[in-house]
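The residues making up each chain are set out below.
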Amino acid sequence: MVFSRFEFALKETGYISAPGSNASPDWNRFVSAYKENFDVTSDIVESYKYLTNEATAPNRQKVISDSSYEWKPQSINVNAPKLVLAVDSIKLVRNNLFHGGKYGDETWGDYERNIHLMSHSISLLFAMKELDSDIAAIFENFA
């Protein structure tokens, strides 16, 4: 729900896909606009580390043939801007848990890990909304 509210706020504040395409939030434009302003403060450092550390970051499905895939640890580019890493992991958590399912991943039955992934993602989303007062207003008042 929090992720959906954030994406709604992105679209409502102009971070939306190009004309002629399906309406979706333009995460890349948001990241480009705020990657220099995103600070990992003491209140989100635990969440940031959990989601961007290769040992605890969400796994990613990788296609290995025309009809099969396997789960692999996420590749973390330590030189990427912090906001890039945070957004990539948050989107991956959402996709794994709510869209693609985690079936077949060794962590599927680890409910404590799933709770950590969701709660840390939510913490970072709440911090990210503060980067833009218009996003924060839409997120808090309309979504």
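Residues numbered from 1 in each chain as written. Predicted model: local features only at pLDDT ≥ 70, side-chain atom pairs only at ≥ 80, totals over all residues. Heavy atoms only, no water.

Colleague: Give me helix 1 (residues 2-12): which residues, what numbers.
Modeller: Of the positions making up helix 1, those classed as buried are V2, F3, F6, E7, A9 and L10. Projection of helix 1 onto a plane perpendicular to its axis shows the buried side chains occupying an angular sector of 160°, all on one side. Remark: G14 follows helix 1 within two positions and exhibits a positive phi of approximately 100°. (Buried < 20%, exposed > 50% of the residue type's maximum accessible area, 1.4 Å probe, protein only. Helix = DSSP H or I, 4+ residues; strand = E, 2+ residues; numbered from the N terminus. Arc of directions from axis to C-beta.)

Colleague: Any details on the layout of surface pockets? Residues and values, ideally.
Modeller: Its volume calculated, the largest pocket comes out at about 290 Å³. For the lining of the largest pocket, the elements supplying multiple residues, two or more each, are helix 1, helix 4 (82-99) and helix 5 (111-129). If you tally residues by element for the lining of the largest pocket, the top one is helix 1, at six residues. (1 Å grid on protein atoms, 1.4 Å probe; cavity = no way out; pocket = protein on both sides within 12 Å on 5 of 7 lines; lining within 4 Å. Points joined across faces, edges and corners; volume = space filled by probe spheres on them.)

Colleague: Explain the packing of helix 1 against helix 5 to me, using residue names and the numbers behind them.
Modeller: Helix-helix packing is described using two parameters, namely the angle between the two axes and the distance between the axes. Contact geometry for helix 1 and helix 5: axes closest at 10 Å, N-to-C directions at 20°. By the angle between their directions, the pair helix 1 and helix 5 is classed as roughly parallel. The hand of the helix 1/helix 5 crossing is left-handed. Here V2, F3 and F6 of helix 1 come into contact with helix 5, specifically with I122, L125, F126, M128 and K129. Considered class by class, the residues forming the contact of helix 1 with helix 5 number seven nonpolar, no polar and one charged. (Axes fitted to C-alpha atoms, helices over the stretch in contact; angles between N-to-C directions. Parallel < 35°, antiparallel > 145°, perpendicular 65-115°, else oblique. Left-handed = near helix turned anticlockwise from the far one by under 90°. Contact = heavy atoms within 4.5 Å. Nonpolar A, V, L, I, M, F, W, Y, C, P; charged D, E, K, R; others polar.)

Colleague: Explain the packing of aromatic side chains residue by residue, including any values.
Modeller: For any pair of aromatic rings, the description consists of the separation of the ring centres together with the inter-plane angle of the planes. For the structure on display, the rule yields seven aromatic pairs. Arranged with centres 5.6 Å apart and planes meeting at 25°, the rings of F3 and W27 form a pair that is stacked. Placement of the pair is F3 in helix 1 and W27 in helix 2 (residues 27-34), with a sequence separation of 24 residues. W27 matches F3 in its accessibility class, with the two residues each being buried. With centroids separated by 5.4 Å and ring planes inclined at 50°, the aromatic side chains of F30 and Y34 adopt a geometry described as tilted. You can see F30 and its partner Y34 sitting in helix 2, four residues apart, about one turn around the helix. For the pair F30 and Y34, a shared accessibility class is recorded, and that class is buried. Each residue in the set F3, F6, Y15, W27, F30 and Y34 is aromatic and connected to the rest through ring pairs, giving one cluster. We note R5 situated over the ring of F139; from NZ or CZ to the ring centre the distance is 4.3 Å. (Phe/Tyr/Trp six-rings, centres within 6.5 Å; stacked < 30°, edge-to-face > 60°. Lys NZ or Arg CZ within 6 Å of the ring centre and 35° of its normal.)

Colleague: Give a description of helix 5 that names residues and reports values.
Modeller: For an α-helix, the turn length of 3.6 residues means that residues three or four places apart are oriented alike. An ideal rise of 1.5 Å per residue puts 27 Å on 19 residues; helix 5 measures up with 27 Å between its terminal C-alpha atoms. Those residues of helix 5 that sit buried are R113, N114, L117, H120, S121, L124, L125, M128 and K129. (Expected span 1.5 Å × (residues − 1).)

Colleague: Can you break down the nonpolar core residue by residue, with the values?
Modeller: F6, W27, F30, F38, L83, L125 and M128 are the most contacted members of the largest nonpolar core, which totals 32 residues. Looking at this core, the elements with two or more residues in it are helix 1, helix 2, helix 3 (45-52), helix 4, helix 5 and helix 6 (133-141). For this core, the element with the highest residue contribution is helix 4, accounting for six residues. Every residue in contact with F6, bar those within four places of it in the chain, is listed here: W27, F30, L125, M128, K129, I135 and F139. (Core = buried A, V, L, I, M, F, W, Y, C linked by side-chain atoms within 4.5 Å.)

Structural measurements only, silent on function.
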